[in-house]
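# What the coordinates show
Here are the chains, one letter per residue:
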Amino acid sequence: MTSTYDVLRTRLQAAFDAVARDGVDPVLRTSDRGDYQANGVMALAKRLGRPPREVADEIVGHLDVGGVATVQIAGPGFINLTLETPFLSQQLAALLDDERMGVSRADPVETVVVDYSAPNVAKEMHVGHLRTTVIGDALARMYRFKGHTVVARNHVGDWGTPFGC
């Protein structure tokens, strides 16, 4: 399954390439003005020596996002994209039908070592030890889900006698 981001990125890249054929990055980011925002217009306009809003209009003219998102040019040339509900429903349905929820297996598979926590038993335990243990375990689980071989170690204490003087 192709992610929502990848669908938009591919279509934006084609529109940017129609304006400047040298692979300018659309700089697609999440946004509070829409679901996504393409910020690469400013750099492209500067390089072309043209007003950003004019370049944004030309890019939008080449942009094919019908059935995926609505487009709005904001400010000096930001391209805001708001995902359409039927497209989102289709993406979510595809995720629900996939037992891996769109997460592919790692290729190549690697051995990953996760060394976490390491509290000193001679000192008082505190919530910081729990935090590192939870984060380490979460990382180990994510790597395993991707298919990597994981060596997880939770060391307790340091070298020496476990008491303070």
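The numbers attached to residues start from 1 for each chain and follow its sequence in the written order. In keeping with the predicted nature of the model, local features appear solely for residues at pLDDT of at least 70, side-chain atom pairs appear and are counted solely at 80 or more, and the whole-chain, interface and lining totals rest on all residues. Side-chain descriptors were evaluated using all non-hydrogen atoms of the structure, hydrogens and water having been removed beforehand.

This part covers the overall build of the protein. Helix numbering and strand numbering both begin at the N terminus, where a helix is a DSSP run of H or I of at least 4 residues and a strand a DSSP run of E of at least 2. Across its full length, the protein holds 5 helices and 6 strands. This radius of gyration counts C-alpha atoms alone. The globule rule is 2.2 Å times how many residues there are, raised to the power 0.38. On C-alpha atoms alone, the protein measures out to a radius of gyration of 24 Å, which is more than a quarter above the 15 Å that the 2.2 N^0.38 rule sets for 165 residues. When a residue's accessible area, from a 1.4 Å probe over protein chains only, is under 20% of the maximum for its type it is buried; when over 50% it is exposed; and in between it is partly exposed. The proportion of buried residues among the 165 residues of the protein is 31%. Note on areas: these come from Shrake-Rupley sampling with a 1.4 Å probe, and a residue is covered only by the protein chains present in the view. Per element, the accessible surface of the protein, about 10,600 Å² overall, is 55% carbon and sulfur.

Working definition: rings of Phe, Tyr and Trp (its six-membered ring) pair if their centres are within 6.5 Å, and the pair is stacked with planes under 30 degrees apart, edge-to-face with planes over 60 apart, and tilted otherwise. Scanning all chains against the criterion turns up 1 aromatic pair. Aromatic side chains Y5 and Y36 sit 6.2 Å apart centroid to centroid with 55° between the ring planes, which places their arrangement in the tilted category. Of this pair, Y5 sits in helix α1 (residues 4–19) while Y36 sits in strand β2 (residues 36–38), placing them 31 residues apart in sequence. A relative accessible area of 31% places Y5 in the partly exposed class. Positioned over the ring face of F145 is R100, at 4.2 Å from the centre of the ring. Put simply, a charge is over a ring when the Lys NZ or the Arg CZ is close to the ring centre, within 6 Å, and near the line of the ring normal, within 35 degrees.

This paragraph deals with unusual backbone geometry. The omega angle of the peptide bond from D107 to P108 is 10°, so this bond is cis rather than trans. If you trace the backbone, P108 turns up in the loop between α4 (85–96) and β5 (111–117). The phi dihedral of V27 is positive, around 50°, even though this residue is not glycine. Position of V27 relative to the elements: it lies in the loop between α1 and β1 (28–30). Positioned with a positive phi, M101 is a non-glycine residue whose angle comes to about 50°. Examined against the element boundaries, M101 turns out to sit in the loop between α4 and β5.

Moving on: helix α2 (residues 41–48). Taken residue by residue, α2 has V41, L44 and A45 as its buried positions. The buried residues of α2 all sit within an arc of 100° when viewed along its axis, so they share a single face. Exposed residues lying more than 90 degrees from the buried face of α2 are A43 and K46. By definition in these notes, contact holds between two residues if any of their heavy atoms fall within 4.5 Å. Against α1, β2, α3 (52–62) and β4 (78–83) lie the buried residues of α2. In the segment just after α2, G49 is the residue with positive phi, at about 70°. Throughout, the arc means the angular range of directions from the helix axis out to the C-beta atoms.

We now examine the environment of N80. With respect to the secondary-structure elements, N80 resides in strand β4. Along the backbone, N80 and G34 are 46 residues apart, and their C-alpha atoms lie at a distance of 5.6 Å. Setting aside residues no more than four positions away along its own chain, N80 makes contact with S31, R33, Y36, Q37, T70, V71, Q72 and A74. Here Q37 takes part through its side chain, which lies 2.8 Å from a polar atom of the side chain of N80. Pairs of N or O atoms are called polar contacts if they sit within 3.5 Å, as long as, within protein, a hydrogen donor faces a hydrogen acceptor (for residues adjacent in sequence, only side-chain-to-side-chain pairs).

Okay, the nonpolar core next. Note on terminology: a nonpolar core comprises buried Ala, Val, Leu, Ile, Met, Phe, Trp, Tyr and Cys residues joined through side-chain atoms within 4.5 Å. Ranked by internal contacts, the top residues of the largest apolar core, which has 26 residues, are L8, L44, I59, V68 and L81. No other element matches the 6 residues that α1 contributes to this core. Not counting chain neighbours up to four residues away, the residues in contact with L81 comprise L12, L28, G34, D35, Y36, L63, A69, T70 and V71. Counting residues in hydrophobic clusters, the runner-up holds 5 residues, among them V112, Y116, A140 and V150.

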